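Understanding the architecture of this molecule
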Amino acid sequence: MVALDIDGTILDHDQVLTDRVRQAVRSVAELGVHVIIATGRSLYETVPVLDRLGLVTGWAVCSNGSVTLRLDPMSPNGYEVADTVTFDPADVLTLLREHLPTALYALENGDGDFLLTAPFPEGELEGPHTRVATFEELKSEAACRVVVRSPEHTSEDFLALTRSIGLNGVNYAVGWTAWLDLAPSGVSKASALEVIRGRLAVDADATLAVGDGRNDIEMFGWAGRAVAMGNATDDVKVHADVITGSVADDGLADVLEKILER
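As the structure is a prediction and not an experimental result, all values here were calculated from the model. Each chain has its residues counted from 1, running along the sequence as written. Selection of residues for local features in this predicted model requires a pLDDT of at least 70, selection of side-chain atom pairs for listing and counting requires 80 or more, and totals for whole chains, interfaces and linings are taken over all residues. In computing side-chain values, all of the structure's heavy atoms are included and hydrogens and water are not.

**What to know about the packing of helix H1 (residues 19-30) against helix H9 (residues 251-261)**
Structural elements are reduced to axes, namely lines fitted to C-alpha atoms, with helices fitted over the stretch in contact, and the angle between N-to-C directions of any two is expressed from 0 to 180 degrees. The secondary structure listing takes helices from DSSP runs of H or I that are at least 4 residues long and strands from runs of E that are at least 2 residues long, numbered from the N terminus. Where H1 contacts H9, the axes come no closer than 9 Å and their chain directions differ by 35 degrees. When you trace H1 past H9, the crossing you get is left-handed. Together, Arg 20, Val 21, Ala 24, Val 25, Ser 27 and Val 28 of H1 and Leu 252, Ala 253, Asp 254, Leu 256, Glu 257, Ile 259 and Leu 260 of H9 make up the contact between the two elements. Residue polarity follows a fixed list, in which Ala, Val, Leu, Ile, Met, Phe, Trp, Tyr, Cys and Pro are nonpolar, Asp, Glu, Lys and Arg are charged, and the others, Gly among them, are polar. Across the contact of H1 with H9, the residue classes break down as nine nonpolar, one polar and three charged. The crossing is said to be left-handed when, going from far helix to near helix, the turn is anticlockwise and less than a right angle, and right-handed when the turn is clockwise. Here a residue-residue contact requires only that any non-hydrogen atoms of the pair lie within 4.5 Å.

Written as structure tokens, this is what we have:
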């Protein structure tokens, strides 16, 4: 079972997917290896990447573990939502807004739709049912993920803030820039992957994970073997067993081609 992050691992930050990486992913899947996409993206943002990779059966983990898809080409959408985990975001939203009053806030509900306090930049948090809502509406909706975006703060600022205020009842991951993802407590890519591993009856030591972000650290701890991309930061790399090349150098293909050689 191979778990793969998307952004910075499969796709570069310009959303480029190289032919070499695409072929390596498909070849490993054709061997009978369970290739599981595990991403912070919503289901609507994940499905196009599955299409580009040619993955039409199996499983995918979205929204940092809050949503699990079972891929089914016979289903009208090509997938079914197998699992969804939500939480009440009211307290944590109130706490964060006290410290980040000018930030943009977005809530992803269990259907993959987004409520935004204001429009996000083009290309971010897209979906067929994204709309601007009041902050009070966000607080009253069950959430599978909350996103906080504040360009005036660095990722180090966010890390310092989350450590100082405490975020009880949620799991959180700070992105490369001033981007904070909140998920239900105990929910991560790793927790969702463990459920899938059990369903597939795959041995724990027969699992591999490849990623580049802070939201991949728990997935690294879950995997029998963890590989960090060369473009990952040092605080991510330290949790991996192996460091491969960067996404610009097709580092993921280097990993998957070794599986094919064996």
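This is not the end of the story, as more comes after the structure.
**Some points on the sheet that holds strand E8 (residues 131-132)**
Sheet strands pair via backbone hydrogen bonds, and the direction of the pair is either parallel or antiparallel. Here, any two strands with at least 2 DSSP bridges between them count as paired. Across the sheet, six strands lie side by side as E8-E7-E6-E9-E11-E10; this open sheet has mixed pairing. This sheet does not close on itself; its edge strands, each paired only once, are E8 and strand E10 (170-174). In the sheet, strand E7 (residues 114-116) pairs with E8 via two bridges, with the strands oriented parallel. Looking across to E8, one finds that Leu 115 is bridged to Arg 131. Seen against the sheet, helix H5 (residues 155-165) touches strand E9 (145-149), E10 and strand E11 (179-184) and runs at an angle of roughly 155 degrees to E10.

**Points about the state of the cysteines**
The disulfide criterion used throughout: a pair of cysteine sulfur atoms within 2.5 Å. What the rule picks out here adds up to zero disulfides. Of all cysteine sulfurs, the one in Cys 144 lies closest to Cys 62, which takes part in no disulfide; the gap is 9.4 Å. Here's how the labels work: a residue is buried when its accessible area is under 20% of the maximum for its type, exposed when over 50%, partly exposed in between, all with a 1.4 Å probe on protein chains only. For Cys 144, a relative accessible area of 0% gives the class buried.

**Description of unusual backbone geometry**
Even without glycine at this site, Ser 63 takes up a positive phi of about 55 degrees. Locating Ser 63 in the fold gives a position in the loop between strand E3 (58-62) and strand E4 (67-71). You will see that Ala 201, though not glycine, has its phi angle at about 55 degrees, which is positive. On the secondary structure map, Ala 201 appears in the loop between helix H6 (189-200) and strand E12 (208-211). Among the residues examined, Ala 201 registers a relative accessible area of 65% and is labelled exposed.

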